[in-house]
Amino acid sequence: MSIVIRCVTVEDESKVKVEEFFLGFIKVQNTLGLGLFKRLDGALVDLKLNIDDIRRQGYDNGSNMKEDIVFSEAKGLCKNALEDFEFLISLCIWYKILDKVNQVSKILQREEMDIEDAITRIKELILFFEEFREDDFEDLMKEAKELAHDVGFEPVFAEKRVVQRKKQFDEDVVDDAHGSQSPKERFRTSYFLFIIDQALASLKDRFKQFELYDSIFGFLFNAKFKSVSEDQLMEHCTKLESFLEYKQRGDIYGNELFQELRHLKIILPREVTKSIDILDFIKSYWKDGGFQMVWVAYRILLTIPVTVASAERSFSKLKLIKTYLRTTMSQERLNGLAMISIENEYLDKLE
């Protein structure tokens, strides 16, 4: 397992930055939730870090996916003939989907990506799928027909034999829904709409946690606190105080946060809306003892992990460092070499 921390860096003369730092690899025997927590807790103790200072965490179990499954699916795909019009239009559909998903995925994997921007990007992706579902099938048909003409075969759906089941005397004698559909409409409902609906359901389910963050921290996004009423603002501040409370200890006081945001409304420039810019704007006030609750709230907001891309990148380095010629390397040496490789930009700063 790879440990990466995300924090807000505050330096005297530079702007506020959100950074992620690799801490090392740890061996894991038990991959269940409790086992991972106990192993992580022990690793943080060894690193002299207090787990109570951690506000959120991200975890990815994708490494357990078997490569042979992916290989067999790819092998099966290669067996399809390009002369099949259904296969050709399927390529057009997947190209549109994967191209859009890839664009959003690359943006979300940036180290400086924060939860505010991530929620906006995901909402845009969901909107794309919804519009794609309703409006783009005919355009995909036109593209597939043009490709079919270029390849040199007739762009028509193959007729499939429909098996008629014998009806019992007490059943309604009606045509089967699929049997009464044209091949084009059958492909649209059983393939195109099915894929889009599955993608939408998976996307909404995967990012339900972001909806929770939106309901808790949403009034801080894009300086929305400037446009809400005082009653609503007080309600949001109280809700955030309750959310950040743990073991009868809290990170902020709702009433103080409410008062500070009321004053911040007045002095905050109109063009300053992003969370990182707001934090940078109040830095000078914070040093003099002002906006203490706002400072804490926005720092917690910015440290919420969006993806686990940094941890996945560390495993890419692991494959380069621990080869079959280095199988006897100790854990301490492995972590040291990985630290040098991953955090190499800080080597020049060391004296």
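Above this text sits the structure in question.
Residues numbered from 1 in each chain as written. Predicted model: local features only at pLDDT ≥ 70, side-chain atom pairs only at ≥ 80, totals over all residues. Heavy atoms only, no water.

A. Looking closely at the packing of helix 3 (residues 85-108) against helix 4 (residues 115-135). In contact at an axis separation of 10 Å, helix 3 and helix 4 are set at 175 degrees when each is read in the N-to-C sense. The pairing of helix 3 with helix 4 is recorded here as roughly antiparallel in orientation. Contact residues: helix 3 offers I93, K96, I97, K100, V101, V104, I107 and L108, while helix 4 offers A118, R121, I122, L125, F128, F129 and F132. Of the residues assigned to the contact of helix 3 with helix 4, the class counts are twelve nonpolar, no polar and three charged. (Axes fitted to C-alpha atoms, helices over the stretch in contact; angles between N-to-C directions. Helix = DSSP H or I, 4+ residues; strand = E, 2+ residues; numbered from the N terminus. Parallel < 35°, antiparallel > 145°, perpendicular 65-115°, else oblique. Contact = heavy atoms within 4.5 Å. Nonpolar A, V, L, I, M, F, W, Y, C, P; charged D, E, K, R; others polar.)

B. Layout of the packing of aromatic side chains. Tallying each qualifying case throughout the model produces eleven aromatic pairs. Judged by centre distance (5.0 Å) and plane angle (20 degrees), the ring pair of F187 and Y191 falls under stacked. Taken as a pair, F187 and Y191 lie in helix 6 (residues 183-206) at a separation of four residues, close to a single helical turn. For F187, a relative accessible area of 5% puts it in the buried group. For Y191, a relative accessible area of 25% gives the class partly exposed. Taken together, F128, F129, F132, F137, F187, Y191 and F192 form an aromatic cluster joined through their ring pairs. The lysine or arginine in question, K100, covers the ring of F128, its NZ or CZ lying 5.7 Å from the ring centre. (Phe/Tyr/Trp six-rings, centres within 6.5 Å; stacked < 30°, edge-to-face > 60°. Buried < 20%, exposed > 50% of the residue type's maximum accessible area, 1.4 Å probe, protein only. Lys NZ or Arg CZ within 6 Å of the ring centre and 35° of its normal.)

C. Focus on helix 7 (residues 208-217). Of all the positions in helix 7, only F210, Y213, I216 and F217 are classed as buried. When helix 7 is viewed along its axis, its buried side chains cluster within an angular range of 120 degrees and face the same direction. Exposed positions of helix 7 whose direction lies more than 90 degrees from the buried face are K208 and E211. Contacts made by the buried residues of helix 7 are with helix 4, helix 8 (230-243) and helix 12 (292-303). (Arc of directions from axis to C-beta.)

D. Region of interest: helix 13 (residues 309-321). Compared with an ideal rise of 1.5 Å per residue, which puts 13 residues at 18 Å, helix 13 spans 19 Å between its outermost C-alpha atoms and is within 8% of the ideal. Of all the residues in helix 13, the buried ones are A309, S310, A311, S314, L318 and I321. The elements touched by buried residues of helix 13 are strand 1 (2-9), strand 2 (17-25) and helix 14 (331-342). (Expected span 1.5 Å × (residues − 1).)

E. Broad picture of the packing of helix 4 against helix 7. Running from N to C, helix 4 and helix 7 cross one another at 125 degrees; their axes reach a closest spacing of 10 Å. By the angle between their directions, the pair helix 4 and helix 7 is classed as oblique. Two packed elements cross with a definite hand, and for helix 4 against helix 7 that hand is left-handed. When helix 4 is examined against helix 7, the residues I115, A118, I119, I122 and K123 are found in contact with a partner set consisting of F210, Y213 and D214. (Left-handed = near helix turned anticlockwise from the far one by under 90°.)

F. Spatial organisation of the environment of I119. Residue placement: I119 occurs in helix 4. Among the residues examined, I119 registers a relative accessible area of 7% and is labelled buried. For the pair I119 and F210, spaced 91 residues apart in sequence, the C-alpha to C-alpha distance is 6.5 Å. With residues up to four places along the chain from it excluded, the contact list for I119 reads F210, D214 and F221.

G. Seen up close, a nonpolar patch on the surface. A cluster of nonpolar residues, I5, L47 and L49, forms a patch on the protein surface that exposes about 210 Å² of accessible area. Relative to the helices and strands, I5 is located in strand 1. A relative accessible area of 30% places I5 in the partly exposed class. (Patch = residues over 30% accessible without salt bridge, like charges linked within 9 Å, V, L, I, M, F, W, Y side chains within 5 Å. Areas by Shrake-Rupley, 256 points an atom, 1.4 Å probe, with all protein chains shown as cover. Salt bridge = Lys/Arg side-chain N within 4 Å of Asp/Glu carboxyl O.)

H. Broad picture of the pattern of salt bridges. Applying the stated criterion across every chain, the model contains nine salt bridges. The salt bridge involving K204 is made with E130; its shortest N-O contact spans 3.8 Å. Taken together, the residues span a long stretch of sequence, with K204 in helix 6 and E130 in helix 4 at a distance of 74 residues. K204 sits in the partly exposed class, given a relative accessible area of 37%.

I. Broad picture of the environment of K27. Tracing the backbone shows K27 in the loop between strand 2 and helix 1 (33-46). Separated by twelve residues in sequence, K27 and R39 have C-alpha atoms that sit 8.5 Å apart. Here K27 is in contact with R39 and Q331, once residues within four sequence places are set aside.

J. Examining the nonpolar core more closely. Of all hydrophobic cores here, the largest spans 73 residues; its most connected members are F217, L220, F225, L240, L257 and L261. Those residues in contact with F225, other than ones at most four positions away along the chain, are F219, L220, L233, L261, L264, K265, L268, I278 and Y298. Core analysis: the next-biggest nonpolar cluster, separate from the first, contains seven residues, F22, I321, L334 and A338 among them. (Core = buried A, V, L, I, M, F, W, Y, C linked by side-chain atoms within 4.5 Å.)

K. Quick look at unusual backbone geometry. Even without a glycine there, the phi angle at N222 is positive, about 50 degrees. Along the chain, the position of N222 falls in the loop between helix 7 and helix 8. A residue is classified by how much of its surface remains accessible, and N222, at 39% relative accessible area, is partly exposed. The phi torsion at F291 lies on the positive side, around 50 degrees, for a residue other than glycine. With respect to the helices, strands and loops of the structure, F291 is situated in the loop between helix 11 (283-287) and helix 12. With a relative accessible area of 11%, F291 lands in the buried category.

Nothing here speaks to function; it is all geometry.
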